[in-house]
Amino acid sequence: PLSSQRFDMTDRLQSYFAGRWRDASGPEYTTEYPHDGSTVARLHAATAADVDEAVQAAERARLQPAWARLKHHERAGLLYRIANGIRERSEELAQLQRLDNGKPIKECRALVASAAGTFQFFGAAAETWEDTITPSRGDYLSMSVHEPLGVVGAITPWNSPIASEAQKLAPALAAGCAMVFKPAEITPRMALELARIAEQAGVPAGIISVLPGKGSIVGDALVKHPLIKRIAFTGGTTVGVGIQRLAAEKLMPTSLELGGKSPTIVMPDADLDHAVAGVLYGIFSSSGESCIAGSRAFVHESVYGEFKARLLEGVKKLRVGDPSSEDTQMGPLVNLGHRASVEKYVQLGRDEGGTVLCGGERPTGGFYDGGSYYLPTVFEGLPNNARMCQEEIFGPVLALLPWKDEDDLIAQCNDNMFGLASGIWTRDFKSAWRIGRALQTGTVWINTYKVFSISTPFTGVKMSGYGQEKGRLGILEYTSQKSFYWGLNEAPMPWATS
Ligand code: NAD
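Presented here is an overview of the structure given in this document. (Residues numbered from 1 in each chain as written. Predicted model: local features only at pLDDT ≥ 70, side-chain atom pairs only at ≥ 80, totals over all residues. Heavy atoms only, no water.)

## Thoughts on the overall build of the protein
Then, number 1: Helix and strand counts for the protein come out as 15 helices and 23 strands.
Then, number 2: The globule rule puts the C-alpha radius of gyration for 498 residues at 23 Å, and the 24 Å found for the protein is close to it.
Then, number 3: By its C-alpha atoms, the protein is 90 × 55 × 40 Å across when sized along the principal axes.
Then, number 4: The buried share among the 498 residues of the protein stands at 55%.
Then, number 5: Contacts in the protein between residues far apart in sequence, at least 24 positions, make up 74% of those at least 6 positions apart.
Then, number 6: Of the accessible surface of the protein, which amounts to about 21,100 Å², a share of 54% is contributed by carbon and sulfur atoms.
Then, number 7: Once the 50 positive and 55 negative side-chain charges of the protein are each reduced to a mean point, those two points are 2 Å apart. (Helix = DSSP H or I, 4+ residues; strand = E, 2+ residues; numbered from the N terminus. Rg over C-alpha atoms; globule rule 2.2 N^0.38 Å. Buried < 20%, exposed > 50% of the residue type's maximum accessible area, 1.4 Å probe, protein only. Contact = heavy atoms within 4.5 Å. Areas by Shrake-Rupley, 256 points an atom, 1.4 Å probe, with all protein chains shown as cover. Lys, Arg positive; Asp, Glu negative; His and termini not counted. Charge placed at Lys NZ, Arg CZ, Asp CG, Glu CD.)

## Observations regarding the packing of helix H4 (residues 90-101) against helix H7 (residues 189-201)
Between two packed helices, what matters for the description is the angle formed by their axes and the separation of those axes.
Then, number 1: Running from N to C, H4 and H7 point in directions that differ by 155°, and their axes come no closer than 9 Å. Between H4 and H7, the interaxial angle falls into the category roughly antiparallel. Touching Leu93, Leu96, Gln97 and Asp100 of H4 are Arg189, Met190, Glu193 and Ile197, all from H7.
Then, number 2: Tallied by class, the residues present in the contact of H4 with H7 amount to 4 nonpolar, 1 polar and 3 charged. (Axes fitted to C-alpha atoms, helices over the stretch in contact; angles between N-to-C directions. Parallel < 35°, antiparallel > 145°, perpendicular 65-115°, else oblique. Nonpolar A, V, L, I, M, F, W, Y, C, P; charged D, E, K, R; others polar.)

## So, the site of the ligand
Then, number 1: Surrounding the ligand, one finds 24 residues, the nearest of these being Thr156, Lys182, Gly236, Leu258 and Glu392.
Then, number 2: In the environment of the ligand, an oxygen atom lies 2.5 Å from a nitrogen or oxygen atom belonging to the side chain of Glu392.
Then, number 3: Protein burial of the ligand: of its 850 Å² of free accessible surface, 81% is covered by the chains.
Then, number 4: For the shell around the ligand, the elements supplying multiple residues, two or more each, are helix H8 (215-224) and strand E11 (228-234).
Then, number 5: Residue contributions to the shell around the ligand peak at 3 residues, all from H8.
Then, number 6: Across the shell around the ligand, the residue classes break down as 12 nonpolar, 8 polar and 4 charged. (Near = heavy atom within 4 Å. Polar contact = N/O pair within 3.5 Å; in protein donor to acceptor, adjacent residues only side chain to side chain.)

## A word on the pattern of salt bridges
Then, number 1: In this structure the tally under the stated criterion is 24 salt bridges.
Then, number 2: Residues Asp11 and Arg189 are paired through a salt bridge, measuring 2.9 Å at the closest nitrogen-oxygen approach. Here the residue Asp11 occupies a position in strand E1 (residues 11-12), and Arg189 occupies one in helix H7, the gap between them amounting to 178 residues. Taken individually, Asp11 and Arg189 each receive the classification buried, so the pair is uniform in this respect.
Then, number 3: In this structure, the salt-bridge partner of Glu147 is Lys482, at a minimum N-O distance of 3.0 Å. In this pair, Glu147 is assigned in strand E7 (residues 140-148) and Lys482 in strand E23 (residues 479-487), connecting sequence segments 335 residues apart.
Then, number 4: Overall, Lys482 belongs to the partly exposed group, its relative accessible area being 37%. (Salt bridge = Lys/Arg side-chain N within 4 Å of Asp/Glu carboxyl O.)

## Things to note about the pairing of E11
Then, number 1: Within E11, 6 of the 7 residues are buried, leaving the element largely enclosed by the surrounding structure.
Then, number 2: Sheet analysis places strand E8 (residues 151-155) next to E11, joined by 4 bridges and oriented parallel. Pairing of Ala154 across the sheet is with Ala232, part of E11.
Then, number 3: At this point the chain moves from E11, through helix H9 (residues 237-249), to the parallel strand E12 (residues 254-257), and the crossover so formed is right-handed. (Pairing = 2+ DSSP bridges. Right-handed = clockwise from strand over helix to strand, strands pointing away.)

## A few points about the sheet that holds strand E19 (residues 421-425)
Sheets are built from strands paired through backbone hydrogen bonds, the pairs being either parallel or antiparallel.
Then, number 1: What the 7 strands build is an open sheet, ordered E15-E16-E17-E14-E13-E19-E20; its pairing is mixed. Strand pairing shows two members of the sheet lacking a second neighbour, strand E15 (355-358) and strand E20 (443-446), which therefore form its edges. Each strand of the sheet is rotated relative to its neighbour by a mean of 25°, with strand direction disregarded.
Then, number 2: Lying on the sheet, helix H14 (residues 406-414) is in contact with strand E13 (263-266), strand E14 (296-300) and strand E17 (397-403); it crosses E14 at an angle near 175°.
Then, number 3: In this fold helix H15 (residues 429-438) packs onto E13, E19 and E20, with an angle of close to 160° to the strand it touches most, E19.

## Thoughts on helix H11 (residues 304-317)
Then, number 1: Between its first and last C-alpha, H11 extends 20 Å over 14 residues, near the 20 Å set by a 1.5 Å rise per residue.
Then, number 2: Along H11, the positions that sit buried rather than exposed are Tyr304, Phe307, Leu311, Leu312, Gly314 and Val315. End-on, the buried residues of H11 take up no more than an arc of 160°, which puts them together on one face. Away from its buried face by more than 90 degrees, H11 exposes Lys316 and Lys317.
Then, number 3: In this structure, the buried side of H11 is in contact with E13, helix H10 (272-284), E14, E15, strand E16 (377-380) and E17. (Expected span 1.5 Å × (residues − 1). Arc of directions from axis to C-beta.)

## Focus on the side chain of Ser262
Then, number 1: Within the secondary structure, Ser262 sits in the loop between E12 and E13.
Then, number 2: For Ser262, the side chain forms a polar contact with the main-chain oxygen of Ala421, separated by 3.0 Å.

## Looking at the packing of helix H3 (residues 72-88) against helix H5 (residues 105-127)
Then, number 1: For the pair H3 and H5, interaxial distance at closest approach is 8 Å and the crossing angle is 170°. With respect to each other, H3 and H5 are oriented roughly antiparallel. Note on element contacts: H5 touches H3 through Val112, Ala115, Ala116, Gly117, Phe119, Gln120, Phe122, Gly123, Ala124, Ala126 and Glu127, opposite His72, His73, Ala76, Leu79, Tyr80, Ile82, Ala83, Ile86 and Arg87.
Then, number 2: Among the residues making up the contact of H3 with H5, the classes are represented as 13 nonpolar, 5 polar and 2 charged.

## Focus on the nonpolar core
Then, number 1: Judged by nonpolar contacts, the single largest core of 84 residues is most densely connected at Ile82, Ile86, Phe119, Phe122, Leu173, Ile208 and Ile231.
Then, number 2: In terms of residue count, the dominant contributor to this core is H5 (11 residues).
Then, number 3: Those residues in contact with Leu173, other than ones at most four positions away along the chain, are Trp67, Arg75, Leu79, Ile82, Phe119, Ile207 and Ile208.
Then, number 4: Core analysis: the second largest hydrophobic core is formed by 34 residues, Val303, Tyr368, Leu400 and Trp445 among them. (Core = buried A, V, L, I, M, F, W, Y, C linked by side-chain atoms within 4.5 Å.)

Shown next, in the form of structure tokens:
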């Protein structure tokens, strides 16, 4: 049994780089539990010199036979052991994830389970990977093999650490790369715990380094380092664009999983109870701190009134509260600074002429006063081109938009710089297919929302980024291709001299 005391104390965390657990060389800082602002971890931030040391060590480690000569099935074995290591510590990891970013414990457990599944999946992908013999056009054998890119960097945000970190580390290890990790400054634990589990599973020293710290220092040094051959980035669009600019200097491939402003469409024939529950879950789970949050709900005018009434009833029943409670559906926002940013957007929505139908304020009294809580908020009366409907808020704020003409609906849904995800609620599979094909998003959910499978590729389009995460072919992102031609006959070459 886990004592709650264990999870209320302040942990001293060390970084893990160049094969050793120790303090990084930058200043000490603390991280806070969003529920009550208490300090939960104390650690030193990394510096550019630490990044250099980690990357150099990773380059040496990846060339050692202990890593470079591992057969596919042996690397797969390591990944399976990491998956099991995560499962053995699953409740502890879920509790630590909760302390880092204040997500409800049930959600944290699901993230931990998904991380274990990610390592298992990429272990299987590594083990069953096949290089290809290509059809030859002469008397030769042609084949194409995949080789690890080398040392790769990962930079992650604070909203779902263990899952987004597993989705980078697992395919990188499966491909035979070494990885230097820069988790979000305020949620450093999960990447460190994954490194600990990987070390115990037998991943050689130096292959994985984890350096928490500031994006502008640690992240920047990682992106610029000459030995870093790829950056897997998840985070905001502005930072992603900056990373791509720097990457161009050394022709470095990147994957950029960026922001979103996802539309969900309620068709006139939708099962309204199902649609209301789906829209609520799509925007308010994770307190809206989700890149795929369904933050614009386009509801057909014939059902708009009914949908709105049922939605507001649903919001009243949402349990906003202590993330450690099994009943909680919505926890606090990640910190006070982020809540202030959400509040600015709500004020902007009011200034732009929107009407707040519910929420639009902090809950008060009791523990609410000590944490960064905010109530689920629903707006109506804003046009799709209002800033409130165009920009990513990354909080529990939904805009309701009535629609009547399908072409205009699709134009409005696509009239946004992002293209991450979308949802459609309908009983008619033909309209779901027609509209789903017309939406400019990387994922379309039909009569469901926010379901995820590691075997299904995830990517954005437009300013939501590019590059595949998840799916068997996700490994390819960490490899380069090399082609071989083997001459098979003794016939002299055309320019033979004898
Ligand atoms: P952020 O862009 O501020 O930070 C993400 C990471 O980048 C952090 O580790 C940060 O320290 C680092 N960083 C910041 N400046 C950097 C720089 N100059 N160079 C290198 N690294 C730098 O984002 P955030 O606030 O942590 O997370 C929220 C954002 O993440 C939202 O926009 C959200 O949509 C996005 N997100 C996207 C996905 C996806 O899969 N598409 C998933 C989750 C979150």
